[in-house]
Amino acid sequence: MYKAGQGMPSRIGTMLVGVLIAAYTSYSWFRWHPFSPVGRSTSAFSVDLGIALVLLVGVALFFAWLCFRSPKSADYLIDMDDELRKVVWPSVMPLFDPKTEAWGSTYVVIVCAILFTIFIWLVDLILQYVITYGLFGKILFA
């Protein structure tokens, strides 16, 4: 069905992100659920820890199944990996050289962000004036 190793970087990366989500989910549940283990008996603490570990293993296994056994997900991740191989990435070497494509694109993004910020600020000033004084200069709201 699939070639050996096809789409592995995408599938492994997605599974690792899933394991991180599972770890954070179980930690959050264990640490922040309403029945905090502080001041509780050892058996209640063990039950809470067991539930957190079941959450961790369950979510991790779900992501493993999703990445490696679900045909639709596997096809999507394989196609994503193939498309990412076709991308022409901008040159970044030598690092911090202003003549590279990455730095040129960075400058364009910074300039556009500044221009857009100024535009939003001007629109905000105009709307503030219109809301405060109305279109004819009368004070509508104090």
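Within every chain, residues take consecutive numbers counted from 1 along the sequence as written. Per-residue local features are limited, in this predicted model, to residues with pLDDT of at least 70; the limit for side-chain atom pairs, both in listing and counting, is 80 or more; totals at the level of whole chains, interfaces and linings are taken over all residues. As a rule here, side-chain values come from all non-hydrogen atoms in the structure, and water together with hydrogens is ignored.

Draft legend 1. Quick look at the overall build of the protein. Tallying secondary structure elements over the protein gives four helices and zero strands in all. Mapped from its N terminus to its C terminus, the protein presents α and β elements in the order α-α-α-α. The classification of residues rests on relative accessible area computed with a 1.4 Å probe and restricted to protein chains. Under 20% of the type maximum is buried, over 50% is exposed, and intermediate values are partly exposed. Within the protein, the fraction of its 142 residues that count as buried is 17%. The contact rule is simple, with two residues in contact once any of their heavy atoms fall within 4.5 Å. For the protein, the share of sequence-separated contacts (at least 6 apart) that also reach a separation of at least 24 residues comes to 49%. The protein chains shown are the only cover counted for residues, whose accessible areas, like all others here, come from Shrake-Rupley with a 1.4 Å probe. When the accessible surface of the protein is summed, it comes to about 11200 Å², and 75% of that surface belongs to carbon and sulfur atoms. Only DSSP runs of H or I reaching four residues or more are called helices, and only runs of E reaching two or more are called strands; each is numbered from the N terminus.

Draft legend 2. The arrangement of the packing of aromatic side chains in detail. Side-chain rings of Phe, Tyr and Trp, where Trp is taken by its six-membered ring, are said to pair if the distance between their centres is within 6.5 Å; with planes under 30 degrees apart they count as stacked, over 60 as edge-to-face, and otherwise as tilted. Taken as a whole and judged by the stated rule, the model has four aromatic pairs. Where W103 meets Y107, the ring centres are 6.1 Å apart and the plane angle is 40°; that geometry is what we call tilted. In this pair, W103 and Y107 are both assigned in helix α4 (residues 101–133), four residues apart and thus about one turn of the helix distant. Members of the aromatic cluster, joined through ring pairs, are F62, F63 and W65.

Draft legend 3. Main features of α4. Helix length check: α4 (33 residues) gives 48 Å between terminal C-alpha atoms against 48 Å at 1.5 Å per residue, within 8%. Directly beyond the C-terminal end of α4, a positive phi value near 75° is found at G134. Helices are assigned an expected span. That span is 1.5 Å times one less than the residue count.

Draft legend 4. Layout of a nonpolar patch on the surface. On the surface, a nonpolar cluster with roughly 560 Å² of combined accessible area is contributed by I110, I114, I118, W121, L122 and L125. Turning to its location among the elements, I118 is positioned in helix α4. The residues that make up patches have over 30% relative accessible area and no salt bridge, and they are joined within 9 Å when like-charged or within 5 Å when they are Val, Leu, Ile, Met, Phe, Trp or Tyr. Salt bridge, as used here, is a side-chain nitrogen of Lys or Arg placed within 4 Å of a carboxyl oxygen of Asp or Glu.

Draft legend 5. Representation of the side chain of D81. Looking at the element boundaries, D81 is found in helix α3 (residues 71–86). A residue is classified by how much of its surface remains accessible, and D81, at 7% relative accessible area, is buried. Non-local contacts of D81, meaning those with residues more than four positions away in its chain, are made with G7, P9 and S10.

Draft legend 6. Broad picture of α3. In this model α3 runs 23 Å from its N-terminal to its C-terminal C-alpha over 16 residues, within 8% of the 22 Å that 1.5 Å per residue would give. Residues S73, A74, L77, I78 and D81 constitute the buried set of α3. For α3, the buried positions fall inside an angular range of 135° around the axis, keeping them on one side. Exposed side chains of α3 directed beyond 90 degrees from the buried face belong to K72, Y76 and K86. Comment: arc refers to directions from the helix axis out to C-beta atoms.

Draft legend 7. Focus on the environment of Y24. In this fold, Y24 is placed in helix α1 (residues 8–32). The class for Y24 is exposed, based on a relative accessible area of 59%.

Draft legend 8. Main features of the pattern of salt bridges. Considering all chains together, one arrives at two salt bridges under this definition. Here D81 makes a salt bridge to R85, at a shortest N to O gap of 3.0 Å. On the criterion of helical spacing, the pair formed by D81 and R85 is a turn pair, its members being four residues apart in helix α3. Among the salt bridges present, the one from K86 reaches E83, with a minimum N-O distance of 3.2 Å. Of this pair, K86 and E83 are both found in helix α3, three residues apart, which corresponds to roughly one turn of the helix. Its relative accessible area of 58% is what places K86 among the exposed residues. When its relative accessible area of 46% is taken as the criterion, E83 is described as partly exposed.

On their own, these measurements won't tell you what the molecule is for.
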